[in-house]
Amino acid sequence: MRDAGISELEQKLQYTFRNVSLLETALTHSSWANERRGRCQCNERLEFLGDSVLGMTVAEHLYRTFPDMPEGRMTRLRAELVCEQSLHQVALGLGLGAYIRLGKGEEHTGGHERPSILADAVEAVIAALYLDGGLAPARAFVHRRVLTDVTAHLSGSSMDYKTRLQELVQQKSGQTLAYEMVGASGADHSKVFTARVSLNGEPVGEGSGRTKKEAEQMAAKSALERLSR
């Protein structure tokens, strides 16, 4: 029988594992495995493999999609797309922190929300998809979750969503944007902030980040996606 949490995550991943232990390992932090004295594997080896699968998939996409892009620009763009901050946002979108198995020490210090742990788990999940189903499901996941914002990165303002949102709403007169912090969780050294942006008093986006500034940027990104539909 599958654990209810695993089944829920599979729905989010849009993939059902034949070997569910691969996904379980991808969600197992070294602190959990160490507490059990090596009786189970942690996700570090999967993270190593997933990093390569992710990098290759992103590189192939850039190569095929932008035939005139110089190698140096592709290298910088790939780095932006696969960095810890980018993968942290992917993890937040999946709610991945709720599924990661942590040792008691990591759990008590906010490990479920720590960007590095979440980003590593994303890479491990990519590897689990690759080992279970081949390149197709891993590639599909990367395209759905990582490669959705390539245009913004190409514009040279990949993270300046607030400016882009301001420019959008200024196309009509009398529009007013306002940002507010609506939540904060985690230990002092690893807090995750949640911000909300409102347009003329009506909420249009929310986002989370490691700093208040990043949370506002993610809220603006959410609003841009909503207002551009």
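In this report, we go over the structure that sits alongside the text.

1. What about the overall build of the chain?
Stage number 1. In terms of regular secondary structure, the chain is built from 12 helices and three strands.
Stage number 2. Against the 2.2 N^0.38 benchmark of 17 Å for 229 residues, the chain shows a C-alpha radius of gyration of 19 Å, consistent with a compact globule.
Stage number 3. For the chain, buried positions account for 42% of its 229 residues.
Stage number 4. Long-range pairs, those at least 24 residues apart, make up 55% of the contacts in the chain between residues at least 6 apart in sequence.
Stage number 5. Each charge class in the chain was averaged separately, 28 positive and 29 negative side chains, and the resulting centres sit 2 Å apart.

2. Details of helix 11 (residues 161-169)
Stage number 1. Residues Y161, L165 and V169 constitute the buried set of helix 11. Buried positions in helix 11, seen along its axis, are confined to an arc of 65° and lie on one side of it.

3. Quick word on helix 8 (residues 115-133)
Stage number 1. Between its terminal C-alpha atoms helix 8 stretches 27 Å, which fits the 27 Å expected from 19 residues at 1.5 Å a residue.
Stage number 2. Most of helix 8 sits out of view: 14 of its 19 residues are buried.
Stage number 3. G134 lies just past helix 8 and shows a positive phi near 90°.

4. Here's the deal with the layout of surface pockets
Stage number 1. Within this model, the second largest pocket holds a volume of roughly 220 Å³.
Stage number 2. Every residue along the wall of the second largest pocket is listed here: S21, L22, T25, Q41, C42, R45, L46, F48, L49 and L131.
Stage number 3. Every element with two or more residues in the lining of the second largest pocket is listed here: helix 2 (20-26) and helix 4 (44-65).
Stage number 4. The dominant element in the lining of the second largest pocket, judged by the number of residues it contributes, is helix 4, at four residues.
Stage number 5. In terms of residue class, the lining of the second largest pocket is built from six nonpolar, three polar and one charged.

5. A word on the sheet that holds strand 1 (residues 177-185)
Picture the strands of a sheet paired through backbone hydrogen bonds; they go either parallel or antiparallel.
Stage number 1. The antiparallel open sheet is built from three strands, whose spatial order is 1-2-3. The open sheet has two edge strands with one neighbour each: strand 1 and strand 3 (202-209). Taken pair by pair, the neighbouring strands of this sheet meet at an average axis angle of 20°, ignoring direction.
Stage number 2. Across seven bridges, the pairing between strand 2 (residues 192-199) and strand 3 is antiparallel. Paired with R196 across the bridge in strand 3 is E206.
Stage number 3. Where helix 11 meets the sheet, its contacts fall on strand 1 and strand 2, and the angle it forms with strand 1 comes to roughly 145°.

6. Let's talk about the packing of helix 4 against helix 5 (residues 71-82)
Each pair of packed helices gets described by two things: the angle between the helix axes and the distance between those axes.
Stage number 1. Here helix 4 crosses helix 5 at 135°, and the two axes come no closer than 10 Å. Overall, the two elements helix 4 and helix 5 adopt an arrangement that is oblique. For helix 4 against helix 5, the interelement crossing comes out right-handed. Contacts from L54, G55, V58, A59, L62 and Y63 in helix 4 reach M74, L77, R78, L81 and V82 in helix 5.

7. Quick word on the nonpolar core
Side chains that are nonpolar tend, in soluble globular proteins, to be buried together.
Stage number 1. Counting 43 residues, the largest nonpolar core has L96 and F141 as the members making the most contacts within it.
Stage number 2. Residue contributions to this core peak at 11 residues, all from helix 8.
Stage number 3. Apart from residues lying up to four places away in sequence, L96 is in contact with L9, L27, A91, L118, A121 and V122.
Stage number 4. Counting 15 residues, the second largest nonpolar core, distinct from the first, contains A195, A215, A220 and A223.

8. Quick look at the packing of aromatic side chains
Stage number 1. In total, this model carries one aromatic pair according to the counting rule given.
Stage number 2. Measuring from ring centre to ring centre gives 5.0 Å for Y15 and F17, while their planes differ by 90°; the resulting arrangement is edge-to-face. For the residue pair Y15 and F17, the accessibility class agrees, reading buried in each case.

What counts and what doesn't
- Residues numbered from 1 in each chain as written.
- Predicted model: local features only at pLDDT ≥ 70, side-chain atom pairs only at ≥ 80, totals over all residues.
- Heavy atoms only, no water.
- Helix = DSSP H or I, 4+ residues; strand = E, 2+ residues; numbered from the N terminus.
- Rg over C-alpha atoms; globule rule 2.2 N^0.38 Å.
- Buried < 20%, exposed > 50% of the residue type's maximum accessible area, 1.4 Å probe, protein only.
- Contact = heavy atoms within 4.5 Å.
- Lys, Arg positive; Asp, Glu negative; His and termini not counted.
- Charge placed at Lys NZ, Arg CZ, Asp CG, Glu CD.
- Arc of directions from axis to C-beta.
- Expected span 1.5 Å × (residues − 1).
- 1 Å grid on protein atoms, 1.4 Å probe; cavity = no way out; pocket = protein on both sides within 12 Å on 5 of 7 lines; lining within 4 Å.
- Points joined across faces, edges and corners; volume = space filled by probe spheres on them.
- Nonpolar A, V, L, I, M, F, W, Y, C, P; charged D, E, K, R; others polar.
- Pairing = 2+ DSSP bridges.
- Axes fitted to C-alpha atoms, helices over the stretch in contact; angles between N-to-C directions.
- Parallel < 35°, antiparallel > 145°, perpendicular 65-115°, else oblique.
- Left-handed = near helix turned anticlockwise from the far one by under 90°.
- Core = buried A, V, L, I, M, F, W, Y, C linked by side-chain atoms within 4.5 Å.
- Phe/Tyr/Trp six-rings, centres within 6.5 Å; stacked < 30°, edge-to-face > 60°.

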